[in-house]
Structure formats: structure tokens, C-alpha cells
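# Secondary and tertiary structure notes
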Amino acid sequence: MQLHVSPSLRHVTVFPGKGVREFIKVRIGSRWISYRMLFYSLLFFTFLLRFIFVFSTVDTIDGDPSKCSTIGCLGKRIGPRILGRMESNVPEVIYQILDEAISEEEVEPKSDIPQTLQDFMADIKQTTPDAKAFALKLRQMVLLLEQRTRKAKIQEYLYRHVASSSIPKHLHCLALKLANEHSNNAAARLQLPSADLVPTLVDNSYFHFVLASDNVLAVSVVAKSLIKNALHPRKFVLHIITDRKTYAPMQAWFSLHPLAPAVIEVKALHQFDWLSKGKVPVLEAMEKDQRVRSKFRGGSSAIVAKNYTEKPQVIAAKLQALSPKYNSLMNHIRIHLPELFPSLNKVVFLDDDIVIQTDLSALWDIDMNGKVNGAVETCRGEDSFVMSKRFKSYLNFSHPLIANNFDPNECAWAYGMNIFYLEAWRKTNITLTYYHWLEQNLKSDLSLWQLGTLPPGLIAFHGQVHVIDPFWHMLGLGYQDNTTLSDAETAGVIHFNGRAKPWLDIAFPQLRPLWAKYIGFSDKFIKGCHIRVY
């Protein structure tokens, strides 16, 4: 049977079929369409609508409206209209209540606020509140939990500040025992270096390293790791700068623990001629800095006092600024390397919280292209937490003095293992620029930056940094434990920058062995002070 429909739809004619096997056909105008084709078309569109429905539902559950597949997004737009789905909306009154500004009354703790989710649900079931009352109670509970979390976080930062700023008992013990040995044992008072090796201290054919610290144990690890991994240790000269009180213990340690054939010099700051002549900028800057800090910050108790506006991370930064490290002359002395070593052309400056795992003589083969500072950039790398630092991470770009002079997205670089081309440095005004910006920060009540010597260093060395391979400096081992032991072992130099120093109890236990393996735990001074790694 055949069904013929005229183009005007006014006439419908039925013709007898040519057999039972012939499919019924509909003719519209001059075209014939099989009922089988209509059936499969309807089946396909039914499946397509179900497919759109499933995709839109999955994307809705996923919860991120910015991320959905093309079909899923299409389903979200046309699915509800086609399929008759109704979108459920939270009452507008709840949004209004939750979005209101927090008042001082709400911040004060109240006894009638539910303490747990179970208490909250029991209260809701018992009182059966309307939407507004529900939103108010939910808001109170969230604020309570937020206050508790914030308080706990601030307390954590305070305890870490105390733990990292205090001198551990075993380090104090080691310094006392070595000072006593220095006064009683002539072998602990040897001239370092010996008279016949003194000419090497100004010989530019040697590889010169500079380390400034008052931590004997930390310096011993840096020195031992440097020399043990050197291919030609007899060409290495290590200049150790310390303060007056640590000079005797430091000299005693390296007199009794020589690292021959390398050359070790131990020198206190007061023994440098440069620091004994007239006014010294670094000393004046530190005195002013300490006065401003004590007035501006008010100590750790003032920082963690009742304050409901600042984030815990901001409070942590202020606490860190109170650390003795940032008020230490050892931390500022690197800016005066050209004056301290007037005969040297190039040095590598080392922090006392690093460990060297390879031969560093290759650093002298790097062409600095006339730049002063060879450093690792810290704005790109696999570890997005550690290697994501730009100028805006350290400088306050809300201050016009910073915003008008620097680019917030410019890549930062790392202190800790730096090649300093002193010959090129002496032709610049880097040191003067450093102190100019220190003065500006003091005048602005420390509002240009809040801590450390790196921010003024970023400014002073601006345009004078030669980027070196990240292999030479792996950072972050003192403030995060995402770095695995196997990854750290592949770096040439690892840096425990941060609060969790490897000689403290708060160090990350899985990373501490990289530092501890350079300590001789059988040594009588180490054993006598009960220095051990758990």
C-alpha cells in the first residue's frame, strides 16, 4: 500500500501495494520518505536528548560552571526547556543573610551557637525555622568555626616562630664547649689558614666561597659538604665570616676538624679593616631598623593580639620579621662583599642552611655576560608553590613608590647560593641603591616590604642578574614537605630556607637526613651536647 499526499495537503490518495514486503511510504510533493527512516530518526533524536540530559546532569554535579563539555553546556542551556526540568534555587533571603558584613557583635563568642554539625541538625529539626532563621543560625556556626580555625592557625605560626627563633640547647652547648676548648687547648687556637697558605686568600686562580654565620654546627655541614663533593678540593678556599662572640668556637671547630687540602679562613667582623673605619652603613641601617621595628610591630604578643581583620598568613609574615635572623649583621653583610674582599674578582656566597651535593667549581665556567649576580629564578618550575615568586610576592605594590618603579610580574630570584662577579659589581652603585631603599622603607614605617634582605636585594640588583640553571639551587626544604627525598638528591645545592631548619626539632624528618649525613655523631663535642637526629 502506498499513501500519496499532494503538495497542497488537500488530497490524499491510497494505492494498492506491490507486496507484503514493500514498506509503507509517505510521499510529500515529489519526494518519498520511508516510515522506517521516520522510525530511526525518532529513535536517534530520543537517544540524543537522553545523552544531553546525562551530560548536563554530570556537569551540574561536578559543580564548576566554568568547566563543562560542549554537549554538557548545550544540555544546560536547552535541556531544561526541552525536557521540562525545573532548576531548584536557594531562597534569596539566605544569600542576603550570608552575604552581610560581619559585625563586632557576631565576632564575640556566644554559648547558644551549635558547636558541631550534629548539634546544628538537632536544633534545626527541633525548631523547624524558616529560611531566614536557618540562614542566621548557619551563619553563626560558620563564623564560630572560622574563628576557631583562624585562632588555631595563628597559634601554630606563633609556636613555629618561637621554635625557630630560639637557640636550641644543643647549639648553645656546642658553642660553650668549643669556647672552653679554645681557651684551654692550644690546638684549638691554630691560625686559620696557616702562614704558608695565606697568599691563597687573595689568589684569583682559586675558587673562593664566602659564608657568613654564627651557627657553628650549620657552618660545619656547609663546609664539609662543599669539600667532600669537590673534584679538586685543594683549589677551594672557604672564607668564614662570623661575629665576635662566635669567633672562638668557630676557630676551635675548624682547628680541630681541618678539611685539608682545602683552605679555610675564619675571620670575625671586627677583624676587617673596612668595618673599623668611620661610619658603617650596614650598622647604621640595622640600628634604625631595630628602632622602627620595635615601635611599629610591638613584638609577637602585639601581633597575635585580638585582631579580626588580618589573615593568618599576614600575621605569620610579621612574626617572621621579628626573627633574629632578619636583624642579624650576618644577613646583611653580603651587600658589602666588594669591600670585604677587595682583591677578589669573583666569589660564590653560601647561606648556612644549604647542603652542597656536587662539585661547585663548574660555577666559575659560567659566563656572566657582564652581570653581577648569578642566581636561580624562582618564578617558574615544576613546584608551583616554591617556584612561583615574583616581585609582587615580596614588594608592596599598593604603595606608589613601589608601583611607580617596578613591574609586579617580574621574576624574582633566590639568595642562598649566588655567584657574585665582584669586578663588575665595583663599577655599579648596587650597594648605594640597597641602602637608599632601606632608608625609604624605614621612612614609610616598613610598608614597602616586611621582612628579609631579599626585597631590597631584588631592587638593588635589578637588571644585574644572570639566570643560572635551577640544578644549582633547589629551594623550599624549610617551609614545605612536598619535595621528595629522591628529587632533592638530584639537585646540586639544596636550601632549607624557611623556619624548619634541619638542626631544629620542627624540621621535616624525611628531608633532614640529607643534612645530617655530614655530621660526625661520634665526635666528642657532638656526643657531649647530645646532638642527634631522630
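Below you will find a few notes about this structure. Everything numeric in this text was worked out from a predicted model, so none of it was measured.

### Quick notes on the state of the cysteines
In total, this model carries two disulfides according to the counting rule given. Paired through a disulfide, C173 and C529 show a sulfur-sulfur distance of 2.2 Å. The chirality of the disulfide connecting C173 with C529 is left-handed, given an S-S dihedral of about -80°. Of this pair, C173 sits in helix α7 (residues 169–184) while C529 sits in the segment after α22 (524–528); the two residues are 356 residues apart in sequence, bridging distant segments of the chain. The pair C173 / C529 is uniform in exposure class, with both members buried. The residue that forms a disulfide with C379 is C411, at a sulfur-sulfur distance of 2.0 Å. As the torsion about the S-S bond is roughly -105°, the C379-C411 disulfide counts as left-handed. Of this pair, C379 sits in the loop between β10 (373–375) and α15 (391–394) while C411 sits in the loop between α16 (400–403) and β11 (417–421); the two residues are 32 residues apart in sequence, bridging distant segments of the chain. A single burial state applies to C379 and to C411, both of which are buried.

### Here's the deal with the pattern of salt bridges
When charged atoms on two side chains of opposite charge get close, those side chains can pair. Considering all chains together, one arrives at six salt bridges under this definition. The residue K245 makes a salt bridge to D214 at a minimum N-O spacing of 3.7 Å. Placement of the pair is K245 in helix α9 (residues 244–256) and D214 in the loop between β5 (207–212) and α8 (216–228), with a sequence separation of 31 residues. Residue classification places D214 among the partly exposed positions, given a relative accessible area of 37%. Salt bridges sharing partners connect three or more residues here, namely D214, D243 and K245.

### A closer look at the pairing of β11
Here β11 lies mainly inside the structure; four of its five residues are buried. Of the pairings in the sheet, the one linking strand β8 (residues 346–350) to β11 comprises five bridges and is antiparallel in character. Of the residues in β11, the one forming a bridge with F349 is N418. In terms of strand pairing, β10 meets β11 through two bridges, oriented antiparallel. What sits directly across from N373, in β11, is F420.

### What to know about the packing of α8 against α9
Contact geometry for α8 and α9: axes closest at 10 Å, N-to-C directions at 40°. Crossing angle aside, the handedness with which α8 passes α9 is right-handed. For the pair α8 and α9, contact is made by V216, V219, S220 and A223 and by T246, P249, M250, W253 and F254, respectively. Split by residue class, the contact of α8 with α9 holds seven nonpolar, two polar and no charged.

### Quick notes on helix α5 (residues 117–127)
Inspection of α5 places F120, D123 and I124 among the buried residues, and these make up the whole buried set. Projection of α5 onto a plane perpendicular to its axis shows the buried side chains occupying an angular sector of 100°, all on one side. Across from the buried face of α5, at angles greater than 90 degrees, the exposed residues are Q118, K125 and Q126. The positive-phi residue at the C-terminal boundary of α5 is T128, with phi of around 45°.

### Here's the deal with the packing of aromatic side chains
Counted according to the given criterion, the structure contains 15 aromatic pairs. Considering the side-chain rings of F209 and W364, the 5.2 Å spacing of their centres and the 70° angle between planes classify their relative orientation as edge-to-face. Note that F209 is positioned in strand β5 and W364 in the loop between β9 (354–356) and β10, a separation of 155 residues in sequence. Note on accessibility: F209 and W364 belong to one class, buried. A centroid spacing of 5.2 Å and a plane angle of 75° characterise the contact between W425 and F461, whose relative ring orientation is edge-to-face. Pair noted here: W425 is in helix α17 (residues 422–425) and F461 is in the loop between α19 (454–460) and β12 (465–467), with a separation of 36 residues, a long-range link. What makes F461 buried here is its relative accessible area of 0%. A network of ring pairs unites the aromatic residues W413, Y415, F420, W425 and F461 as a single cluster. Stacked on the ring of F272, the Lys or Arg K267 has its end atom at 4.4 Å from the ring centre. The residue whose ring lies beneath K346 is Y421, and the NZ or CZ to ring-centre distance is 5.7 Å.

Calculation rules
Residues numbered from 1 in each chain as written. Predicted model: local features only at pLDDT ≥ 70, side-chain atom pairs only at ≥ 80, totals over all residues. Heavy atoms only, no water. Disulfide = S-S within 2.5 Å. Helix = DSSP H or I, 4+ residues; strand = E, 2+ residues; numbered from the N terminus. Buried < 20%, exposed > 50% of the residue type's maximum accessible area, 1.4 Å probe, protein only. Salt bridge = Lys/Arg side-chain N within 4 Å of Asp/Glu carboxyl O. Pairing = 2+ DSSP bridges. Axes fitted to C-alpha atoms, helices over the stretch in contact; angles between N-to-C directions. Left-handed = near helix turned anticlockwise from the far one by under 90°. Contact = heavy atoms within 4.5 Å. Nonpolar A, V, L, I, M, F, W, Y, C, P; charged D, E, K, R; others polar. Arc of directions from axis to C-beta. Phe/Tyr/Trp six-rings, centres within 6.5 Å; stacked < 30°, edge-to-face > 60°. Lys NZ or Arg CZ within 6 Å of the ring centre and 35° of its normal.

Interpretation in functional terms is not warranted from these geometric data alone.
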